[in-house]
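# A look at the structure
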Amino acid sequence: MGRRTTASIWKTTGMYRYDEFDAAFVMGRTAQFADQVKRRISGELSEDQFRPLRLMNGLYLQLHAYMLRIAVPYGTLSSKQMRKLAHIARTYDRGYGHFTTRQNIQFNWPKLKDIPVILEELASVEMHAIQTSGNCIRNVTTDQFAGAAADEIIDPRPVAEIIRQWSSLHPEFSYLPRKFKIAITGSPNDRAAIRFHDIGLQAAVNASGETGWEVWVGGGLGRTPMIAKLINSFVPHEHLLAYLESIMRVYNRYGRRDNKYKARIKILVHEEGLESIKGQVEAEFAEVRGGVLTLPQEELDRITAYFAPPDFADRSDDKIDVAYESIIDPAFGRWLDNNLHPHRVSGYSSVTVSLKPVGGAPGDATDVQMDVVADLAEQFSYDELRVTHEQNLVLPHVAVRDLRAVYDVLVANGLAEGNNNLITDMICCPGLDFCALANARSIPIAQEISHKFASPERQKQIGDLKIKISGCINACGHHHVGHIGILGVEKKGGELYQITLGGDATEHASVGKIIGPGFEADQVPGAIEKLVDFYIAQRQGEGETFLEAYRRLGEAPFKEALYGTA
Amino acid sequence: MGLPKLAPAQAAHDKLKALGILALNGMFDEMDAVGVLRYAVSDVLPGDLAIVSSFGADSAVLLHMVAQVDPSMPVYFLETGKHFRETLDYVETLKRQFGLINVHAIHPNPNDVARFDPNGDLWETDPDSCCHIRKTEPLEPVTEQYGGWVTGRKRYQTVERGVLPHFELTSDDRIKVNPLAYFSDADVIEYRQKHNLPEHPLYAKGYKSIGCAPCTSIVAEGEDPRAGRWRGLNKKECGIHYDFSGAIANPMTAANRHTLWKDGAFIADPFRDWEEGTNPSEARYVHVPLPVFLANRAEFLANPHPLGLLVSPGEKIEDAEANLSRFASIAIRFPAFSDGRGYSTARLLAERYKFAGEVRAVGDVLQDQIPLMRRCGFNALVVVHEPTRQALIENRLPEVAVFYQPVGVTEIPLGTRPFLRRVS
Ligand code: HEM
Ligand code: SF4
Ligand code: SF4
């Protein structure tokens, strides 16, 4: 088979491209699902039989309609792919899409009969909805700055791609006890929340200087949040798939199936204990190690070549004077302050495109905005785009000298909020406005909070503060790991919101604690304000973040600030 | 390629469908001739099966079995016109004693005899032609009426028969059933004695393999019994034991109600469900639940009959690791299609324990999971879900033809991504 024959449709390097094999796989899968949809429409398949099939293709039945979740493998998109998403939003949906905490995109209003056509459209740009839901291995997520970040040990995307391939339609692991999520990061600063995934992989260097992977297992959010435990501190690249397969096999065989709320691997690890699970995994690994899943270096090299850094023009002399820019144009200054991430190549920066405008629905983007970002990527970011698990977009490789031009286009399209990592940069699930499982609305809460803290000066004063909102205990909005988490619950027929404090999704992982009775929707922004004011009053200088202050002071004083009693 | 073919890649050829029967070879107790016969009569070719008997020295054994299973099965006797008087008497004796009610003599066409063997000595100069007009030609219009035949052939009889199975397919898609395939001379004698069967009158006189009078001589002690036939004429097989020709009566018409899918067809299932309280020493043709097997391991291991093993989710196949080869078939249960534990069990069986027998999926077996099952090493399915049955018969499984991860013993990595991919 010839390689890279489809490469001509891509303008530059920097991401994985399908060869005929991948194309045949996705086409085959698309045809397969088209047939299943046809059988559902004809009535040959019952909804019960159709459900797991459609779920494995990202098709949910929501409150109002079907919802289609499309995989953005490890959050990487080309401009061509983004334009296709815009086209789908325009043609088959209501002109927008929703970027999710799993780096995917969801369309909320597609018609069942259109799904096969949408999947065909996606296949034409090497995209699909495979395994974005269902009890299988889900789309692998990673650091949104992968391949660009200055602090990276290794670019995790080649290994993420290899895991994607290995896990796609895996015949043994398509009917697991429950969904299974893998996250991977190549940087010691965890931006992918790997400790809250079923398996988290963190790049590690061993004593002899080789890179490999720390394997964490049994993390998760949902109704029983758990921080993953370290099951192996160094698995070399070549054995990684065999090790993953060993974990999967133990989980598939012994994970609980009697109660769907206890079916995630986190419960298995919790109930049996890490040592027991580790023993079983290592025994399985001893059997499969060195077998057919051994990853040859040439193969890793071959996949890695797809992710070769673009041919960066030398911009090492370029600088931008943020202080100066802030005086001339404070909004631009704020944007520079907050929305840039250090790039491994000097003279470049990774730009976060905020999908959190004041009063907007976090993570939503219109078809026009998607097209605009695609154009920017093509013109200024070597054709690359990322989706972040915090529901923003990223232009990973922007030359410092182009920042102003990029910013101006973003401003014109409502995408230039300079609020990355600030209080209005919230994660928020779809909640009762869309989701059939919801107890409470979450988007309107996010909107109210962002109005309350709209003032840029106020946001700057508060500094890094992550608010995360879920409409129910399933925790799609990651509330457990918000510095401030907000959870919608149902109490006596009304919607009530519980507040948690002290969650952290990074390498210093912690799960937030509920600090007291819940609040009515209209009281939530005020409650947040009390907590914020208390923090500002108590902090040891501007350098101490909300989370640091909370960790230093403990729960009690915050509780008192909020409820008036200890 | 070695992948178990639950669904042939190309259109399922009729012949391949019929071949499904052959998948049963090895599943019957070697010595369970009556079981094979009963299965053939009731499941494979009901009303479509006949037997040609020479009423020779050891024909009584098979005819006795036929009489037990179905005394109305058509029995044809080639009345070549060259038989010993004793053989013709013997036909009457057996008919009467066994209660066979459907015995027919087939005579040669008198015109052929008049034309080719006017003096009755063709056997001497050209035995092939003699056999042709007295056996092959007369038999042909009869064989055309049946989907299959029972024969009394045995492995030991001649060198060429060393590999004779219970079920065979002829080149024109008929099925030959050989219940006695594994019987030795001694087994035949033992059976005859046990059931006190009438002996061919010439047997005691030293004739061990009895055909037409001119072509049969006495076999010396220790000699192959069939050496007595066509002695010196370098002719070991009579034409009728080779493939029949002519139009095919589709032997599969009776297969619609079968639920066992194997090698591209629904075929009759020799196995039954386990029944509570079955005596472990006497169980046969059942899938024994793994816990029952473990609790009665010694009895089951001493039991000489064909057995299967039933593995339910949550049970560890490892526990029976040492005894897997004892089972002709291992059934893996899917209580719900969404319970994926059986896939791991199947892979362990195929890949780790190198189990070579039948691995069947039972329970909630639906078309959308079948491609995955196949890849994990299942080579048989029990399917009751009607749309799934249709999909299998019409060979339209919702399959993705390429895959990324090598699974199963036969999925040898192929191509440029050697550790991962191949075309199915
Ligand atoms: C709107 C329809 C949705 C439904 C029905 C749904 C359903 C669920 C359920 C049942 C869980 C709990 C699983 C468990 O812990 O066993 C869950 C968890 C989760 N969902 Fe959703 N979800 C939806 C939308 C979303 C969206 C839009 C996102 C991303 C913004 C998302 C991301 C997540 C994440 C990150 C978790 C984390 C919990 C974990 O992995 O432990 N979901 N979802
Ligand atoms: S957290 Fe609950 S309400 Fe929000 S999207 Fe998930 S399931 Fe729906
Ligand atoms: S066995 Fe001898 S006599 Fe009988 S048909 Fe054949 S050749 Fe003729």
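Residues numbered from 1 in each chain as written. Chains lettered and ligands numbered in written order. Predicted model: local features only at pLDDT ≥ 70, side-chain atom pairs only at ≥ 80, totals over all residues. Heavy atoms only, no water.

## A short note on the overall build of chain A
How we decide: Where helices and strands are cited, they refer to DSSP runs of H or I of at least four residues and of E of at least two residues respectively, numbered from the N terminus. The quantity called the radius of gyration is restricted to C-alpha atoms. Its globule counterpart is 2.2 Å times the number of residues to the power 0.38. Only protein chains enter the accessibility calculation, which uses a 1.4 Å probe; a residue whose area is less than 20% of its type maximum is buried, one above 50% is exposed, and one in between is partly exposed. Accessible surface is estimated by sampling points in the Shrake-Rupley manner with a 1.4 Å probe; for residues, cover comes only from the protein chains shown.
For chain A, the helix and strand inventory stands at 18 helices and 20 strands. Taking 24 Å as the expected radius of gyration for a compact globule of 566 residues, we find that chain A reaches 23 Å, a close match to that expectation. The principal-axis extents of the C-alpha atoms in chain A amount to approximately 65 × 60 × 55 Å. Residues classed as buried in chain A amount to 62% of the 566 residues present. Here chain A has roughly 19600 Å² of accessible surface; of this, 52% comes from carbon and sulfur atoms.

## Digging into the site of ligand 2
Quick note on the threshold: Here a residue counts as near a molecule or strand whenever at least one of its heavy atoms sits within 4 Å of it. When residue character is reported, Ala, Val, Leu, Ile, Met, Phe, Trp, Tyr, Cys and Pro are called nonpolar, Asp, Glu, Lys and Arg charged, and the others, Gly included, polar.
Looking at ligand 2, the residues that line it are Cys429, Pro430, Gly431, Cys435, Leu437, Ala438, Ser470, Gly471, Cys472, Asn474, Ala475 and Cys476 of chain A. Classifying every residue of the shell around ligand 2 by side-chain character gives 8 nonpolar, 4 polar and no charged.

## Regarding the packing of aromatic side chains
All names here are of chain B. This is how the line gets drawn: Between the rings of Phe, Tyr and Trp (Trp by its six-membered ring), a pair exists once the centres lie within 6.5 Å; its type follows the angle of the planes, with under 30 degrees stacked, over 60 edge-to-face, and the other angles tilted.
Considering all chains together, one arrives at 30 aromatic pairs over all chains under this definition. Judged by centre distance (6.0 Å) and plane angle (75°), the rings of Phe271 and Tyr285 are edge-to-face. Of the two residues, Phe271 sits in the loop between strand E8 (265-267) and strand E9 (287-289) while Tyr285 sits in the loop between E8 and E9, which places them 14 residues apart along the sequence. Tyr285 carries the same exposure label as Phe271, and that label is buried. When the ring of Trp274 is compared with that of Phe300, the centres are 6.0 Å apart and the planes differ by 55°; the resulting orientation is tilted. Placement of Trp274 in the loop between E8 and E9 and of Phe300 in helix H10 (residues 297-302) is noted, with a sequence separation of 26 residues between them. We classify Trp274 as buried; its relative accessible area is 18%.

## Observations concerning the coordination of the iron atom of ligand 1
What counts here: Each metal's donors are the N, O and S atoms found within 2.8 Å of it, except that Na, K and Ca use a 3.2 Å limit; water is left out, so coordination can look incomplete.
The protein gives the iron atom of ligand 1 a lone donor atom, Cys476 of chain A (SG), placed 2.2 Å from the metal. Along the chain, the position of Cys476 of chain A falls in the loop between strand E17 (467-470) and strand E18 (484-491).

## Here's the deal with empty space enclosed by the protein
Keep this limit in mind: In this analysis, the protein atoms alone were mapped onto a 1 Å grid. Cavities are point sets where a 1.4 Å probe fits without being able to get out; pockets are open sets with protein on both sides within 12 Å along at least five of seven lines; lining residues have an atom within 4 Å of a point. Grid points are joined across faces, edges and corners, and a volume is the space filled by probe spheres set on the points.
Inspection of every chain in the model, using the stated rule, returns 15 cavities of 30 Å³ or more. Its volume calculated, the second largest cavity comes out at about 230 Å³. Every residue lining the second largest cavity is counted, 20 residues in all, and those nearest its centre are Gln32 and Leu169 of chain A together with Pro371, Leu372 and Val400 of chain B. Within the residue set of the lining of the second largest cavity, elements represented by two or more residues are helix H1 (20-42) and helix H2 (47-56) of chain A together with helix H12 (370-376) and strand E14 (402-403) of chain B. It is H1 of chain A that provides the largest number of residues to the lining of the second largest cavity, a total of 4 residues. Partitioned by chemical class, the residues of the lining of the second largest cavity number 11 nonpolar, 5 polar and 4 charged.

## Here we look at the layout of surface pockets
All names here are of chain A. Space inside the second largest pocket adds up to approximately 790 Å³. Taken together, 34 residues line the second largest pocket, and the ones lying closest to its centre are Arg191, Asn421, Asp464, Lys466 and Thr506. For the lining of the second largest pocket, the secondary structure elements donating two or more residues are helix H11 (330-339), strand E11 (340-342) and helix H17 (546-553). For the lining of the second largest pocket, the class distribution of residues is 8 nonpolar, 16 polar and 10 charged.

## Here's the deal with the interface of chain B and chain A
To be explicit about the condition: Note on definitions: a residue-residue contact is assigned when non-hydrogen atoms from the two residues lie within 4.5 Å. In this description, buried area is defined as the sum, over both parts, of the accessible area (probe of 1.4 Å) that is lost when the two are combined. Here, a salt bridge means any side-chain nitrogen of Lys or Arg that lies within 4 Å of a carboxyl oxygen of Asp or Glu. Identification of polar contacts relies on pairs of N or O atoms within 3.5 Å, with a donor-acceptor requirement for protein atoms, meaning one able to donate a hydrogen and the other able to accept it, and with residues adjacent in sequence counted only if both atoms are side-chain atoms.
Contacts between the two partners involve 41 residues from chain B and, on the opposite side, 52 residues from chain A. Surface buried jointly by chain B and chain A totals about 3800 Å² across both partners, of which 57% is contributed by carbon and sulfur atoms. Summed over the shared surface of chain B and chain A, the result is 7 salt bridges. The shortest N-O distance in the salt bridge between Asp339 of chain B and Arg257 of chain A comes to 3.6 Å. Here chain B is connected to chain A by 12 residue pairs in polar contact (both at pLDDT 80 or more). At the level of elements, helix H11 (341-352), H12, E14 and strand E15 (422-423) of chain B are the ones that each hand at least two residues to the side of chain B that touches chain A. The element contributing the most residues to the side of chain B that touches chain A is H11 of chain B, with 6 residues. Grouping the amino acids of the side of chain B that touches chain A by side-chain chemistry returns 20 nonpolar, 8 polar and 13 charged.

The analysis is restricted to geometry; functional conclusions fall outside its scope.
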